[in-house]
Structure formats: C-alpha cells, structure tokens
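# Geometric and topological summary
Here is what each chain is made of, one letter per residue.
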Amino acid sequence: MNGLLTAVMLGAALSLPAAGLAWLAASILARRACQAAPKLWRSARLVAILPLVLAPVLYAVPQPRPVPPVLEFLDEPDLSLPTTGAVQHLRPLATSSRALPTLELWLVVAYMLGLAVALLLALRRHHLRRTVLAHGRPADRHERLLLDREAGKLGVRSPDMRLCPRATSPFLTGWRGVIVAPESLLRTPDLARHALVHELCHLRRGDERDRLLGSALTILLWFNWPLRQIERELDAARELACDRDAIEALGQTERKAYAAALIETMRSTAQPVSAFGPHDRRHREMRIKAILSGGHPGRHSVLTAVALLLLAIPVAGAQSVITPRRLASAPVDQLAPVVVAQPANPATAPAAGPALAPVSAVAPVMATAAAPLSTPAAPTVPSGAPDLPRPVLDGRVTSVYGPRPARPAGSPVFHGGTDIAASTGAAISAPGAGTVIHAEMGYQGSERWGNTIEIAHGDGWSTVYAHLDTINVEPGQAVAAGDQIGTVGTTGASTGPHVHVELHHDGERVDPAGIVPGLR
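Bear in mind the structure is a predicted one, so any value in this text is a computation, not a measurement. Within any chain, residue numbers begin from 1 and follow the written order of that chain's sequence. At least 70 in pLDDT is required for a residue's local features to be given in this predicted model, at least 80 for side-chain atom pairs to be given and counted, and no such filter applies to totals for whole chains, interfaces and linings, which use all residues. With hydrogens and water excluded, all non-hydrogen atoms of the structure serve as input to the side-chain values.

## Notes on the overall build of the chain
Rules: For helices the rule is a DSSP run of H or I covering at least 4 residues; for strands it is a run of E covering at least 2, with both sets numbered from the N terminus onward. Buried, partly exposed and exposed residues are distinguished by accessible area as a fraction of the type maximum, computed with a 1.4 Å probe on protein chains only: under 20%, between the cut-offs, and over 50%, respectively. Any two residues whose heavy atoms approach within 4.5 Å at even a single point are treated as in contact. Under the convention used here, a 1.4 Å probe and the Shrake-Rupley method define accessible areas, while residue burial counts only the protein chains that appear.
Helices and strands together make up the secondary structure of the chain, namely 11 helices and 16 strands. Classification of the 520 residues of the chain by burial places 45% in the buried group. Counting only contacts in the chain whose residues sit at least 6 apart along the sequence, the fraction spanning at least 24 positions is 73%. Of the roughly 25,900 Å² of accessible surface on the chain, 61% is carried by carbon and sulfur atoms.

## Details of the environment of Val321
Locating Val321 in the fold gives a position in helix α11 (residues 312-322). The spatial distance from the C-alpha of Val321 to the C-alpha of Leu58 is 9.7 Å, given a sequence separation of 263 residues.

## Notes on helix α5 (residues 189-205)
Threshold: By definition here, a helix of n residues has an expected span of 1.5 Å times n minus one.
Taking 1.5 Å as the rise per residue, α5 with 17 residues should run 24 Å; its terminal C-alpha atoms sit 24 Å apart, in good agreement. Those residues of α5 lying buried are Ala192, His194, Ala195, Leu196, Val197, His198, Glu199, Leu200, Cys201, His202 and Leu203. Looking one or two residues beyond α5, the residue adopting positive phi is Gly206, at roughly 75°.

## Here we look at a nonpolar patch on the surface
For the record, the criterion: For patch detection, residues must exceed 30% relative accessible area and be free of salt bridges, and they are connected within 9 Å for like charges or within 5 Å for nonpolar side chains (Val, Leu, Ile, Met, Phe, Trp, Tyr). The term salt bridge refers to a side-chain nitrogen of Lys or Arg lying within 4 Å of a carboxyl oxygen of Asp or Glu.
A contiguous nonpolar patch, built from Leu105, Trp106, Val109 and Leu113 and spanning about 420 Å² of accessible area, is present on the exposed surface. With respect to the helices and strands, the residue Trp106 is situated in helix α3 (residues 102-134). Residue classification places Trp106 among the exposed residues on the basis of a relative accessible area of 58%.

## A closer look at the sheet that holds strand β4 (residues 178-181)
In plain terms, the rule: Any two strands between which DSSP finds at least two bridges are classified as paired.
Taken in spatial order, the 4 strands line up as β1-β2-β4-β3 in an open sheet, and their pairing is mixed. Two strands close off the open sheet at either side, each with one partner strand: β1 (137-138) and β3 (171-173). Where strand β2 (residues 160-163) and β4 come together, 4 bridges link them in parallel fashion. Across the sheet, the residue bridging to Leu163 is Ala181, located in β4.

## Brief notes about the pattern of salt bridges
In total, this model carries 15 salt bridges according to the counting rule given. Linking Glu231 and Arg45 is a salt bridge whose minimum nitrogen-to-oxygen distance equals 2.7 Å. Placement of the pair is Glu231 in helix α7 (residues 225-250) and Arg45 in helix α2 (residues 38-60), with a sequence separation of 186 residues. Judged by its relative accessible area of 7%, Glu231 is buried. The partner of Arg211 in a salt bridge is Glu208, and the shortest N-O contact between them spans 2.7 Å. With Arg211 and Glu208 both in helix α6 (residues 207-220) and 3 residues apart, the pair spans about one turn of that helix. Members of the salt-bridge network, linked through shared partners, are Arg42, Arg45, Arg205, Asp207, Asp210, Glu231, Asp235, Arg238 and Asp245.

## Observations regarding the side chain of Ser462
Heads up, the condition is: Two N or O atoms form a polar contact when they lie within 3.5 Å of each other; inside protein one atom must be a possible hydrogen donor and the other a possible acceptor, and for residues adjacent in sequence the pair counts only when both atoms belong to side chains.
As for its position among the elements, Ser462 is in strand β12 (residues 461-471). The exposure class assigned to Ser462 is buried, which follows from its relative accessible area of 3%. Engagement of the side chain of Ser462 in a polar contact is seen with the side chain of Glu454, the distance being 2.9 Å. If near-sequence neighbours (up to four positions away) are discounted, Ser462 is found in contact with Glu454, Ile455, Ala456, His457, Glu502, Leu503 and His504.

## A word on the packing of aromatic side chains
Worth spelling out the cut-off: Each aromatic pair joins two rings of Phe, Tyr and Trp (for Trp, the six-membered one) with centres within 6.5 Å, and gets the label stacked for planes under 30 degrees apart, edge-to-face for over 60, and tilted for any other angle.
Under the criterion given, the structure shown has 5 aromatic pairs. Here the aromatic rings of Tyr111 and Phe223 are separated by 6.2 Å at their centres, their planes lie at 70°, and the arrangement is edge-to-face. In this pair, Tyr111 is assigned in helix α3 and Phe223 in the loop between α6 and α7, connecting sequence segments 112 residues apart. What makes Phe223 partly exposed here is its relative accessible area of 25%. On the numbers, 5.7 Å between centres and 85° between planes, the contact of Trp222 with Phe223 is edge-to-face. An aromatic cluster is built from Tyr111, Trp222 and Phe223, whose rings are joined through pairwise contacts.

## Looking at the packing of α6 against α7
For the record, the criterion: Orientation is described by lines fitted to C-alpha atoms, with helices fitted over the stretch in contact, and by angles between N-to-C directions that extend from 0 to 180 degrees. Roughly parallel here means an angle under 35 degrees, roughly antiparallel means over 145, roughly perpendicular means 65 to 115, and every remaining angle is called oblique.
Closest axis-to-axis distance for the α6/α7 pair is 10 Å, and the angle between their directions is 175°. In terms of axis orientation, α6 runs roughly antiparallel to α7. Contact with α6, carried on its side by Asp207, Asp210, Arg211, Gly214, Leu217 and Thr218, involves Leu227, Arg228, Glu231, Leu234, Asp235, Arg238 and Cys242 of α7 and no other residues of that element.

## A closer look at the confidence of the model for the chain
Convention followed: As a per-residue measure, pLDDT tells how confident the predictor is, with possible values from 0 to 100.
Scored by pLDDT, the chain has a mean of 76; 73% of the residues are at 70 or more. Here residues 269-278 is modelled with pLDDT under 50, and outside its nearest four sequence neighbours on either side it reaches 36 contacts, counting other chains as well. This stretch, residues 329-379, has a pLDDT under 50; its non-local contacts, to residues over four places away or in other chains, come to 99 contacts.

## Here we look at α7
Its 26 residues place the ends of α7 38 Å apart at the C-alpha level, agreeing with the 38 Å of an ideal helix rising 1.5 Å per residue. For α7, a buried count of 20 out of 26 residues is recorded, marking the element as mostly surrounded by other parts of the structure. At the N-terminal end of α7, a side-chain oxygen is found 3.1 Å from the backbone nitrogen of Leu227, two or three residues along, and the residue is Asn224. Looking at the residues trailing α7, positive phi occurs at Gly251, about 110°.

## Comments concerning the side chain of Asn224
Its location among the elements puts Asn224 in the loop between α6 and α7. Discounting residues that sit within four places of it in the chain, Asn224 has contacts with Ser15, Leu16 and Ala19.

Spelled out as structure tokens, the structure:
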C-alpha cells in the first residue's frame, strides 16, 4: 500500500508543474487566437490532472523482477554436518517491516487538513445555494410560458424553474439543471427572454455539469493554484461561448439589447453561486466587447487544443520513469542454486574425481506434462524417520530431489532437495516438532544459501530451509508442527522467490518427499 501511496503523491506533485505549463501554454495560445474556446482550457485541465490519473495506472503495471547477474556455482561445501553440538555466534534475523516514512506521513496529514478546509468552504457554498432554493417556489404554468417557448426553439427539454425573492439575477444550478430567477425578472419580458435564453444555452452545452466537475477537481487538488487559474479561465470561456450561442438563437439584431441585459444583471449583487457570468471586471469587459464586436474564437481552436495536449507526452514520460512499480507477485519459474551431494547409498556413489566445472548461468526448468522431470525412485528411507505431519508451504514444486537429465548445460546432475516456488513473504511452517539449531544468513560458510534455518527433529534427523526472506525463530527455540519459522524470499544465490527444502539423516541427504507432505 505504501508503494501506491508514493505513486499517488508523486502524481500529485507532478500535477503542479504540469498545470503551470498547461496554464502558460493555453494563455499564449488564447492571446494568439484573440478568444479562447472552452476546448482549449479543457485540454489544459486534462494536462494538469493527467499525472494524478496516471499514478495508480503506472503503479498497477507490474515490474518484472530484475534478472540476476550471471551466477557461477563453485563446489558446494561438505554437507556431512554433525547433528549435535551448539551453534556458535548465531545472529537471528528479525521480521522486517516497512513503516510509513515520516515525510510521507506529514505530507498526508497536511493534505488531509487542506482538504478538510476546502470541503468546509464547498459545504458553505452549497448551504448558501440551498438557502436560496429553500426560499423560492416552483414557477406556475403561466410563469413558465416564456421558458417553455424558448426551450422549444433551442431544442432542449424545459428545466425546472424556481422563483426566489433572494435571487438578484437568474442562474442555472444543479447536475440536472434548475433555473433560479428573481420574481421581478418576469416583469421585464425582454430582459427575462435574454437571461433565460442564456441559461438554456448553458443547459444545452452542459456547462453546469462541467463547472461542477471543475469544482470537484479544485477541491481535491486544493494545493494546485495553476489548476484554479485554468478553471477560472474555463469559466470565462464557457460564458463567451454561451453568449455566442445565445446571440445566434436570439438573432444578430438583438446583439445590443443582449449586451444591455448582461450589463443590467451585472449591476446586481453577486450571487453565492454561479450566475449570469463571472464577477471579475476583466472578464466582464471581455464579454461586453465580444458581444458588441461579434468576435469568434480562432478557426484553429481544435488544432491549438491538440497542440496543448502534446505537453502531456513529456510529463507522462517523466512520470513513468520515477513512479515506483509493484513487483510481479507471480513466482518465477527458475531454479535455486543446487548442490552436489553423495547419494544415501555409498555403494552407488561415483568414483572420486575432479571438482565440477562452474556453471555460467541458471536457466528456468518447469515440470510440465510435455516435459516431466525425470526422477528415479526415491532412495530407501532409513527406519525411525521423524513424524512430520504438516506441509512446509502452500506453493508449487519447481524442482525435486534427485538426478536431473534435463538440467541446464553444465549444471550439476544431482539436486539435493526440493524447491517450492511462492510469492515473496509467504509463510513457511515447521513440518514437525523440533529444536532450531541454525538460523542466520548463510550455511556452512557459504552465503549462497541466503537466510537459512535448520531444525533438529531427533535421532539424527533435521530439515533445512534456504533462501528465506525473513527468519522468525532463534537458535535453541523449540517449535511445534505448523509454527511459522520464516517467509519465502530470494536471498543468496537465488533466481526467484522460493524455499529450498532438504532432509538430512546423520549428515546425509534424504529425499524429503518421502517424509515431508506436499513435496511431490
């Protein structure tokens, strides 16, 4: 979970420069086009929030585990181990856990505090809007005649209409669209017609829903000042586009009358919610000039919006490089380093000879129906074997005990244990009762075994578990069947997360599948 949190925080941080670049580029393009279409500023909004949207997507893409360097396996140490005697200078490994870093914690706390303030301000605006609506009443059929007629001309459904004494100018609000107007509006038919057509054009264009989406984004990204400026410019662009649609619906001869109606509503007291346009002076003057001059946005507004979206490419590229990825949880079908041991029956042991040549690499070997592992009959298990009733791990056996004719070229022909592949961190259990006699990094002087545990089960019997991620027991500790002793890992000379299990009797290897359940 911490990895996903880090990815989201990186995405939120990258949204700041992305929004700044998008705002700057859109402002330059808008000045070149004289008037900016809403699609330009919507493109800027998309570039601004893209890093945050990409963060969980990039994290969800699994990152394959890196291929380990070429491993050269030298002669394995002598495994004729004494089963008695104290183990000296052992340093058991504690279970590792990664706590949330202090910096991340403080950033999360700061974000949540800012989000709480932004939500409180949004709830205040919502309360003011609800208060205005609560003091209004639905318009009757006679009062709706003008609205229904103009809605029919524009080809949109006639929305609900409420007359509120507290409203000073008409405005459209709500996801489904409700027109709120002062009761005095209907006393001046020309002003009412121009104002209602303007709000109906907003409804047809879906501007109110777009505004609500922008408000939600500025609340969630309350720290992103450039994004707020983009939304501010987008509000102005929506009003300019709506003015053009309204004049087209009313007729070009109504241009001056429409501008006069707009000026009249601008003299009213500011609404607590969105009304007949923005309230800052610059955008008011811009709207009046555009209405009177009949200006239109640049012909290449679509091209400028597409050009702005090209900014997302370097931003997404940089984010893909620095965003942490989750590691693939599927077990890797590769073998752990194997060891050469003398068979249990000395009569069948090969004659002594030179040491085996090093192996240049380890290749994956899978037990499949098409190419089964060739394993001879298990050696005879001496009498008096310990009672080991519990499986070591719920995983997949990738390599069994015995000769391997289908081995990688140059690798040892005999595998002295059983490999069980599983996800990193999976619990490893003791198959039976015993006493821990080894629990540390390495085994018999070689760190190629990784974190290794050995448990003595009495009468010269012991089990060995190698390549663990963490060790949860200490030397001298008594364990019962089913107790967790460690977790699956890929420490030491290992090419994938798994546990290498061996069974020893009086210092000699024995096929563990004959005694330990779940290894066949």
